[in-house]
Amino acid sequence: MHCTPATTPRSLVGWIVLALASLQAAYADTVSVAVAANFTAPMQKIAKAFETDTGHKAELSFGATGKFYAQIANGAPFQILLSADDTTPARLEKEGKAVASARFTYAIGTLVLWSAQPGYVDTQGAVLKTGDFKHLAIANPKLAPYGLAAMQAMDKLGVTTRLQPRFVQGENIAQTHQFVASGNAPLGFVALSQVMADGKVTSGSAWQVPADLHEPIRQDVALLMPGKDSAAAAALLSYLRGDKAKAIIRSHGYSF
């Protein structure tokens, strides 16, 4: 007696695929995420991969960490904050607006002095002392941790007093980058992630500011109270720790 292996009819396979897709959709949810402006490019990529891999959707808002803090303090219903520093999430925890023990550092940022013009910024940053430029873009140090780091670096270099009259201040690091990219300022302090992709600076010229010239830019994530019972929020926090997200983060010039 000849036996043939059992096969699953194509119609049944199709039904199983549809059933699994429906099951995933039934459990999928949306998480509202406030994202520091410097993390725009990597987070957009992470959000796409996150939705593909989990079915959950991340609804992203980008801006200055200081402004997000004010909005959250006034009841904005964000569920997760991807901060540009580690002090804001800690402060939100102390104020009872974030879940204690959920916080972790998702990236360590790198500050660069950047110009859209090739060859304008030298590899030692000497242009800060020798350059005859009219404007220097910097993010508001009261709102943006990268702006604070830039001020700390200039203080250590002893150039703050001389350069301060030339400052063009952006509300956040995204606006600061735009000042330089548009040519309104010939150079400025921005996040390496804004000018790097796939491990290299994509245009212009840049000096990577040595880490010992400013406090570490530790970027922490906070699980905010509106997201404490959200499956999508929990999934995103887990996803940020995974290899796929870390590879994207690293390719944009961050470390861990």
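See the structure above.
None of these values were measured; they are calculated from a predicted model.

Asks: Please explain the sheet that holds strand β11 (residues 205–208) as it appears in this structure.
Replies: Strand pairing in a sheet relies on backbone hydrogen bonds. The paired strands run either parallel or antiparallel. One open sheet holds the 5 strands; their spatial order is β7-β6-β8-β5-β11, and the pairing between them is mixed. Whereas interior strands pair on both sides, the edge strands pair on one side only; in this sheet they are β7 (167–170) and β11. Neighbour-to-neighbour, the strand axes of the sheet open up by a mean angle of 30°, direction not taken into account. Both strand β6 (residues 136–139) and β7 contribute to a ladder of 4 bridges, which runs parallel.

Asks: I would appreciate a short explanation of the sheet that holds strand β12 (residues 217–223) in the present structure.
Replies: The strand order β2-β1-β3-β12-β4 describes an open sheet built from 5 strands, whose pairing is mixed. In this open sheet, the two edge strands, each paired with only one partner strand, are β2 (57–63) and β4 (104–109). Here the average twist between neighbouring strands, direction ignored, is 20°. Here strand β1 (residues 30–36) runs beside β2; their pairing, made up of 7 bridges, is parallel. Within the sheet, the bridge partner assigned to Ala-36 lies in β2 and is Gly-63.

Asks: Help me out: how do you make sense of the side chain of Gln-79 in this one?
Replies: Here Gln-79 lies in the loop between α3 (65–73) and β3 (80–82). With relative accessibility at 14%, the residue Gln-79 sits in the buried group. A distance of 2.7 Å separates the side chain of Gln-79 from the backbone nitrogen of Ser-32, its partner in a polar contact. Not counting the four nearest positions on each side in its chain, Gln-79 is found in contact with Thr-30, Val-31, Ser-32, Ala-222, Leu-223, Leu-224, Pro-226, Gly-227 and Ser-230.

Asks: Which parts of the structure should I look at to understand the environment of Phe-50?
Replies: Within the secondary structure layout, Phe-50 lies in helix α2 (residues 40–54). Once residues lying within four places of it in the same chain are set aside, the contact partners of Phe-50 are Val-31, Gly-55, His-56, Lys-57, Ala-58, Ala-232, Ala-235, Leu-236 and Tyr-239.

Asks: When you look at the packing of α3 against helix α4 (residues 87–94) in this model, what are you seeing that I'm missing?
Replies: Relative placement of two packed helices is described by the angle separating their axes and the distance separating the axes. One way to put it is that α3 packs onto α4 with a least axis distance of 11 Å and a crossing angle of 10°. Here α3 lies roughly parallel to α4, going by the angle between them. Our pair here, α3 against α4, has a crossing hand that is right-handed. Contact residues: Thr-65, Tyr-69 and Ile-72 in α3; Thr-88, Arg-91 and Leu-92 in α4. A breakdown of the residues in the contact of α3 with α4 according to their chemical character gives 3 nonpolar, 2 polar and 1 charged.

Asks: What am I meant to see in the pattern of salt bridges here?
Replies: Charged atoms that come close allow side chains of opposite charge to pair. Applying the stated rule across the entire model yields 6 salt bridges. A salt bridge links Lys-244 to Asp-53; its shortest N-O distance comes to 2.9 Å. With Lys-244 in helix α11 (residues 243–251) and Asp-53 in helix α2, this pair connects stretches of sequence that are 191 residues apart. Given a relative accessible area of 36%, Asp-53 falls into the partly exposed group. A salt bridge links Arg-91 to Glu-95; the nearest nitrogen and oxygen atoms lie 3.3 Å apart. Here Glu-95 falls in the partly exposed class, since its relative accessible area comes to 34%. Salt bridges here are not isolated pairs; linked through shared partners, they connect Glu-93, Arg-103 and Asp-220.

Asks: I tried to follow the nonpolar core on my own but got confused; where do I start?
Replies: Across soluble globular proteins, nonpolar side chains show a tendency to be buried alongside one another. Residues Phe-39, Ile-80, Leu-82 and Leu-136 are the most contacted members of the largest nonpolar core, which totals 56 residues. Residues Ala-34, Tyr-69, Ala-76 and Phe-78 belong to the second largest nonpolar core, which totals 11 residues.

Asks: Sorry if this is basic, but what is going on with the packing of aromatic side chains here?
Replies: Here the distance between the centres and the angle between the planes together describe a pair of aromatic rings. Counted by the stated rule, this structure contains 4 aromatic pairs. For the ring pair Phe-39 and Tyr-254, a centre distance of 5.4 Å and an interplane angle of 70° mean the geometry is edge-to-face. With Phe-39 in the loop between β1 and α2 and Tyr-254 in the segment after α11, this pair connects stretches of sequence that are 215 residues apart. Both residues of the pair, Phe-39 and Tyr-254, count as buried. Where Phe-68 meets Phe-78, the ring centres are 5.4 Å apart and the plane angle is 85°; that geometry is what we call edge-to-face. One end of the pair, Phe-68, is in helix α3; the other, Phe-78, is in the loop between α3 and β3, and 10 residues separate them in sequence. As far as burial versus exposure is concerned, Phe-68 and Phe-78 are alike and both buried. Aromatic rings pair up to connect Phe-39, Tyr-106 and Tyr-254 into one cluster. Between Arg-241 and the ring centre of Phe-104, over which it is positioned, the NZ or CZ distance is 3.8 Å.

Calculation rules
Residues numbered from 1 in each chain as written. Predicted model: local features only at pLDDT ≥ 70, side-chain atom pairs only at ≥ 80, totals over all residues. Heavy atoms only, no water. Pairing = 2+ DSSP bridges. Helix = DSSP H or I, 4+ residues; strand = E, 2+ residues; numbered from the N terminus. Axes fitted to C-alpha atoms, helices over the stretch in contact; angles between N-to-C directions. Buried < 20%, exposed > 50% of the residue type's maximum accessible area, 1.4 Å probe, protein only. Polar contact = N/O pair within 3.5 Å; in protein donor to acceptor, adjacent residues only side chain to side chain. Contact = heavy atoms within 4.5 Å. Parallel < 35°, antiparallel > 145°, perpendicular 65-115°, else oblique. Left-handed = near helix turned anticlockwise from the far one by under 90°. Nonpolar A, V, L, I, M, F, W, Y, C, P; charged D, E, K, R; others polar. Salt bridge = Lys/Arg side-chain N within 4 Å of Asp/Glu carboxyl O. Core = buried A, V, L, I, M, F, W, Y, C linked by side-chain atoms within 4.5 Å. Phe/Tyr/Trp six-rings, centres within 6.5 Å; stacked < 30°, edge-to-face > 60°. Lys NZ or Arg CZ within 6 Å of the ring centre and 35° of its normal.

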